[in-house]
Amino acid sequence: MTLALLAAPLLAALGCLALPRAAAWANSLGALATLGLGVAVAAGTFGRPARYEAGGFFYLDALSGLIVLVVALVGAAAARLSPAYLAREVAHGAIPPSQPRWYYVWLQLSLFAMLAVPLLDNLGLMWVAVEATTVTTALLVGFYRRGHALEAAWKYLVLCTAGIAIALFGVLLTYYAAVHVLPDEAAALSWAALRANAAHLDPELMKLAFALVLVGYGTKAGLAPMHTWLPDAHGQAPAPVSALLSGALLNCALYAVLRYHLLAVGAVGGTYSADLLLLFGTLSIAVAVPFVLVQHDLKRLLAYSSVEHIGIVALGVGIGGRLGLFAAAFHLFNHAVAKSMLFLAAGAIGQRYGTLRLARLRGVAEAMPLEGMVLLAGTLAIAGSPPFAPFASELGIALAGFAGRPAAVAASVVLVAGTVLIFGGMLYHVIQVTLRAAPANLAPATPLPFGWAFLALPLAALLVGGIWLPPFLTDAFTAVGAVLEGSTP
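It should be emphasised that the depicted structure is a prediction, and the values quoted were computed from it without experimental measurement. (Residues numbered from 1 in each chain as written. Predicted model: local features only at pLDDT ≥ 70, side-chain atom pairs only at ≥ 80, totals over all residues. Heavy atoms only, no water.)

## Some remarks on the overall build of the chain
- Of the regular secondary structure elements, the chain holds 19 helices and two strands.
- Overall, the C-alpha framework of the chain stretches about 70 × 55 × 40 Å when taken along its three principal axes.
- Sequence separation of at least 24 residues holds for 79% of the intrachain contacts in the chain that already meet a minimum separation of 6.
- Placing the 23 positive and 19 negative side-chain charges of the chain at their respective mean positions leaves the two points 12 Å apart. (Helix = DSSP H or I, 4+ residues; strand = E, 2+ residues; numbered from the N terminus. Contact = heavy atoms within 4.5 Å. Lys, Arg positive; Asp, Glu negative; His and termini not counted. Charge placed at Lys NZ, Arg CZ, Asp CG, Glu CD.)

## Some words on unusual backbone geometry
- Look at the link from Ala-224 to Pro-225: it is a cis peptide, with omega at 5 degrees.
- The topology assignment puts Pro-225 in the loop between helix H8 (203–221) and helix H9 (229–236).
- Cis rather than trans, the peptide bond between Pro-386 and Pro-387 has omega equal to 10 degrees.
- Relative to the assigned elements, Pro-387 resides in the loop between helix H15 (369–382) and helix H16 (389–402).
- Notably, Arg-145 is not glycine yet its phi reads approximately 55 degrees, a positive angle.

## Let's talk about the pattern of salt bridges
- One pass over the structure, following the stated rule, counts five salt bridges.
- Arg-51 is the salt-bridge partner of Glu-53, the closest N and O atoms lying 3.1 Å from each other.
- Its salt-bridge partner being Asp-61, residue Arg-259 comes within 2.8 Å of it at the nearest N-O pair. Of the two residues, Arg-259 sits in helix H10 (residues 239–268) while Asp-61 sits in the loop between strand E2 (58–60) and helix H3 (62–91), which places them 198 residues apart along the sequence.
- Look at Asp-61 and you get buried, because its relative accessible area is 3%.
- Salt bridges sharing common partners tie together Lys-155, Asp-232 and Arg-300. (Salt bridge = Lys/Arg side-chain N within 4 Å of Asp/Glu carboxyl O. Buried < 20%, exposed > 50% of the residue type's maximum accessible area, 1.4 Å probe, protein only.)

## Some points on helix H19 (residues 471–485)
- Across its 15 residues, H19 extends 21 Å between first and last C-alpha, which sits within 8% of the 21 Å expected from 1.5 Å per residue.
- Here H19 has its buried residues at Leu-473, Ala-476, Phe-477, Ala-479, Val-480, Gly-481, Ala-482, Val-483 and Leu-484.
- Two residues or fewer after H19 comes Gly-486, characterised by a positive phi angle close to 85 degrees. (Expected span 1.5 Å × (residues − 1).)

## A closer look at the nonpolar core
- Within the largest apolar cluster, 168 residues are counted, with the highest numbers of intra-cluster contacts made by Tyr-156, Tyr-217 and Tyr-260.
- In contact with Tyr-260, other than residues within four places in its own chain, are Leu-123, Met-126, Val-171, Thr-174, Phe-210, Val-213 and Tyr-217.
- Among the nonpolar cores identified, the runner-up in size contains 12 residues, and Ile-312, Leu-315, Ala-408 and Ala-411 belong to it. (Core = buried A, V, L, I, M, F, W, Y, C linked by side-chain atoms within 4.5 Å.)

## Describing the packing of helix H4 (residues 99–119) against helix H5 (residues 123–141)
- In the contact formed by H4 and H5, the axes pass within 8 Å of each other and the chain directions differ by 160 degrees. Considering the angle they form, H4 stands roughly antiparallel to H5. The element H4 and its partner H5 pack so that their crossing is left-handed. Between H4 and H5, the residues in contact are Tyr-103, Trp-106, Leu-107, Leu-109, Ser-110, Ala-113, Met-114, Ala-116 and Val-117 and Met-126, Ala-129, Val-130, Ala-132, Thr-133, Thr-136, Thr-137, Leu-139 and Leu-140, respectively.
- Counted by class, the contact of H4 with H5 contains 14 nonpolar, four polar and no charged residues. (Axes fitted to C-alpha atoms, helices over the stretch in contact; angles between N-to-C directions. Parallel < 35°, antiparallel > 145°, perpendicular 65-115°, else oblique. Left-handed = near helix turned anticlockwise from the far one by under 90°. Nonpolar A, V, L, I, M, F, W, Y, C, P; charged D, E, K, R; others polar.)

## Overview of the side chain of Thr-219
- With respect to the helices and strands, Thr-219 occurs in helix H8.
- Its relative accessible area of 6% is what places Thr-219 among the buried residues.

## Topic: the packing of helix H1 (residues 2–18) against H4
- Running from N to C, H1 and H4 cross one another at 165 degrees; their axes reach a closest spacing of 8 Å. Our classification of the angle between H1 and H4 gives roughly antiparallel. Here the hand of the crossing between H1 and H4 comes out left-handed. Where H1 approaches H4, its residues Thr-2, Leu-5, Leu-6, Pro-9, Leu-10, Ala-12, Ala-13, Cys-16 and Leu-17 are matched on the opposing element by Arg-101, Trp-102, Tyr-104, Val-105, Gln-108, Leu-109, Leu-111, Phe-112, Leu-115, Ala-116 and Leu-119.

## Remarks on the environment of Arg-436
- Here Arg-436 lies in the loop between helix H17 (406–435) and helix H18 (451–467).
- Arg-436 sits in the partly exposed class, given a relative accessible area of 32%.
- Considering only alpha carbons, one finds Arg-436 and Tyr-104, 332 residues apart in sequence, at a separation of 37 Å.
- Beyond its immediate chain neighbours, meaning those up to four positions away, Arg-436 contacts Leu-358, Ala-359, Leu-361, Arg-362, Gly-363 and Ile-431.
- Within polar-contact distance, the side chain of Arg-436 engages the backbone oxygen of Gln-432 at 2.8 Å. (Polar contact = N/O pair within 3.5 Å; in protein donor to acceptor, adjacent residues only side chain to side chain.)

## A short note on a nonpolar patch on the surface
- The grouping of Leu-11, Leu-14, Leu-17 and Trp-102 at the surface amounts to a nonpolar patch, some 390 Å² of accessible area in total.
- Within the element layout of this structure, Leu-11 appears in helix H1.
- The exposure class of Leu-11 is exposed, given its relative accessible area of 58%. (Patch = residues over 30% accessible without salt bridge, like charges linked within 9 Å, V, L, I, M, F, W, Y side chains within 5 Å. Areas by Shrake-Rupley, 256 points an atom, 1.4 Å probe, with all protein chains shown as cover.)

## Observations regarding the side chain of His-234
- With respect to the helices and strands, the residue His-234 is situated in helix H9.
- A distance of 2.9 Å separates a polar atom in the side chain of His-234 from the backbone oxygen of Leu-230.

## Considering the packing of aromatic side chains
- Summed over the entire model, instances satisfying the criterion amount to 12 aromatic pairs.
- Taken together, a centroid distance of 5.2 Å and an interplanar angle of 80 degrees make the contact between Phe-57 and Phe-58 edge-to-face.
- Accessibility expressed as a relative area gives 4% for Phe-58, which makes it buried.
- On the basis of an interplanar angle of 5 degrees and a centroid distance of 4.7 Å, the ring pair of Phe-291 and Tyr-304 is categorised as stacked. Note that Phe-291 is positioned in helix H11 (residues 272–293) and Tyr-304 in helix H12 (residues 298–319), a separation of 13 residues in sequence.
- Since its relative accessible area comes to 5%, Tyr-304 is described here as buried.
- Among the aromatic side chains, those forming a connected cluster through ring pairs are Tyr-103, Tyr-104, Phe-143 and Tyr-144.
- For Lys-207, the ring lying beneath its charged end belongs to Tyr-272, and the centroid distance is 5.6 Å. (Phe/Tyr/Trp six-rings, centres within 6.5 Å; stacked < 30°, edge-to-face > 60°. Lys NZ or Arg CZ within 6 Å of the ring centre and 35° of its normal.)

## Quick look at the environment of Leu-3
- Secondary-structure assignment places Leu-3 in helix H1.
- Under the relative-accessibility criterion, Leu-3 is labelled exposed at 56%.
- On a C-alpha basis, the gap between Leu-3 and Ile-431 in space is 46 Å, while along the polypeptide they are 428 residues apart.

Pasting the structure below:
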């Protein structure tokens, strides 16, 4: 089933190339196949022992399953809504009719690379997969092939490639530490072999390796101060691509950091890697605050919110403990669902109004009831308002922090203060956008296809998840927390 999961987006990409007139259908069918297989693969990892597939080439545990689930869900939503989005762009003259075909090709290849990241056992191959996500998504960021879009794509490519190069040094140091411990050099980058022998790895080498990996992959994950590519890329990419970047891509890079965090804990002991995660998580929250408060563009507003929330997940892992790790896994899922939904709504709004400038967006709730409701309620959710699920996960992280060591308490103070400020800033901006009187010269409305499925249903899930978490999700996040705690192989 794992091989089938990886084959689905590859076959879809080939279908888009071979059948130009049916590219949109090949893209949609590939996304639905990826969704079904991804949910099945993820469900098979929760509450079960870690397992190998394809002769040890793949390694699946609950943490892998969570990332696969997120990529499959967000990828299906982004791919399924892309045809209607691109059709409107073609109608408005923003892109030529021949261009959507290549969009679908790169989108499907991006999904393939993102799914490979959490499935591969070899950390070197995982590095290759993370780099592949950079190349494929950079082409999507610069999809409009003009001015600011090309600039954003170039900035994204340069910064993330530089980050990945730094991470490569961390991978090489890990390999060097492992070959002195493991009898089989071929297994020196096997995650399972490294995890089993982490206590025997050179602690000084692993300290440096983790620091390099954190900076390198943290650049791709959007952790401050390496985040500067993120608002530009999100702001210029097509809205479904922004949803994919925020909901799936950032989590793939963060997954790589978390794997090395577990190795560092085993090799170094103590709180070395946890304290670095606290530092970068706290910094990400603090850096996001002023940019949210003074923001002028809707998608850039959502992008800086992503910087904050990736920082919150890092904070939860750095705090540790069963509550902190459970809440971190819960928050990773909440952010992926909420932010992809908000970017998709923002894309529809931007196409209707012809702009994403906050000062020129008004009356969205009147002009576009579904998108306006999703934007307002989704902002309340992602900003941490009860009774939505992100409030519950942020509260769990804060409570775990206040019950922890002094560094965790200090980080929790920043978390609470930053959340309050960002809540006020985001709510102010979005109320102005949604509740003011709508302009009279708007273009005719175009219903969003499957809007209830991809906008209202995720919002309902976030509301229900803040009040009652289904047992299967409780078991899933508990299993992920056990992996991050190191209590399962």
